[in-house]
Amino acid sequence: MDGCAFCAIAEGAPAHRVLDEPELLAFLDVRPVFKGHVLLIPRDHVDTLLDLPDALRDPFFRAVQRLAAAMENGLGSQGSFVAVNNRVSQSVPHLHAHVIPRTRGDGLRGFLWPRRKYADDAEAADYAARVRAAL
């Protein structure tokens, strides 16, 4: 879809990819809640979860499960937070699932949280590589 930032990434725009499959793509969020925060998208443009074709539903959520496991196995988190916004708070109108590493006492409360930055591109690349390796 023209003008869609996530479609541009699916077509090859720069991103720290952690999962790259024919139907799905996952990459680091550029404004992570916690370092290692990943966004999973269908490669083909889908506006919201409600629009996800049945044929992609199981592969999409299997990938969410794999990414949640990668948070623990690759980043040493104690769990994960998984979220999908539909329209409200959906900053990019292309279906995406947030998979965020969690640890007890990390300070995440409710849905209003501060965002963090990677120190530099090398640190972001390191986090992407660790999640990718765990997949």
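Predicted model, so just to flag it, every value in this text is computed and none were measured.

Undergrad: Give a detailed account of the pairing of strand β1 (residues 17-20), specifying residues and quantitative values.
TA: Walk down a regular strand and you will see the side chains alternate between the two sheet faces. With three bridges connecting them, β1 and strand β2 (residues 24-28) associate as antiparallel partners. Bridge assignment links D20 to a residue of β2, and that residue is L25. The antiparallel hairpin formed by β1 and β2 contains three residues in its connecting segment.

Undergrad: How would you sum up the sheet that holds strand β5 (residues 97-102)? Please name residues and give values.
TA: Strand order across the open sheet formed by five strands is β1-β2-β3-β5-β4, with antiparallel pairing between neighbours. In this open sheet, the two edge strands, each paired with only one partner strand, are β1 and β4 (79-84). Pairwise comparison of adjacent strand axes, ignoring direction, gives a mean angle of 20° for this sheet. In this structure, β2 lies alongside strand β3 (residues 38-42), joined through five bridges in antiparallel fashion. Paired with F27 across the strands is L39, a residue of β3. Helix α3 (residues 121-134) contacts β1, β2 and β3 of the sheet and is inclined by roughly 35° relative to β1.

Undergrad: With reference to specific residues and values, describe the nonpolar core.
TA: Counting residues in each nonpolar core, the largest one holds 26 residues, and the members touching the most others are V38, L40, F60, L67 and V131. Those elements that place two or more of their residues in this core are β1, β2, β3, α2 (54-75), β5 and α3. In this structure V131 touches V18, G36, V38, L67, A70, M71 and L75, once residues within four positions along its chain are discounted. Membership of the second largest hydrophobic core comes to ten residues, among which are C4, A10, L25 and F27.

Undergrad: Any details on α2? Residues and values, ideally.
TA: Each α-helix winds once per 3.6 residues, and so residues spaced three or four apart point in a common direction. For α2, spanning 22 residues, the distance from its first C-alpha to its last is 31 Å, which sits close to the expected 32 Å at 1.5 Å a residue. Among the residues of α2, those classed as buried are L56, P59, F60, A63, V64, L67, A68, A70, M71 and L75. Packing partners of the buried residues in α2 comprise β1, β2, β3, β4, β5 and α3. Positive backbone phi, at 75°, marks G76, one or two positions downstream of α2.

Reading guide: rules and limits
- Residues numbered from 1 in each chain as written.
- Predicted model: local features only at pLDDT ≥ 70, side-chain atom pairs only at ≥ 80, totals over all residues.
- Heavy atoms only, no water.
- Pairing = 2+ DSSP bridges.
- Helix = DSSP H or I, 4+ residues; strand = E, 2+ residues; numbered from the N terminus.
- Axes fitted to C-alpha atoms, helices over the stretch in contact; angles between N-to-C directions.
- Contact = heavy atoms within 4.5 Å.
- Core = buried A, V, L, I, M, F, W, Y, C linked by side-chain atoms within 4.5 Å.
- Buried < 20%, exposed > 50% of the residue type's maximum accessible area, 1.4 Å probe, protein only.
- Expected span 1.5 Å × (residues − 1).

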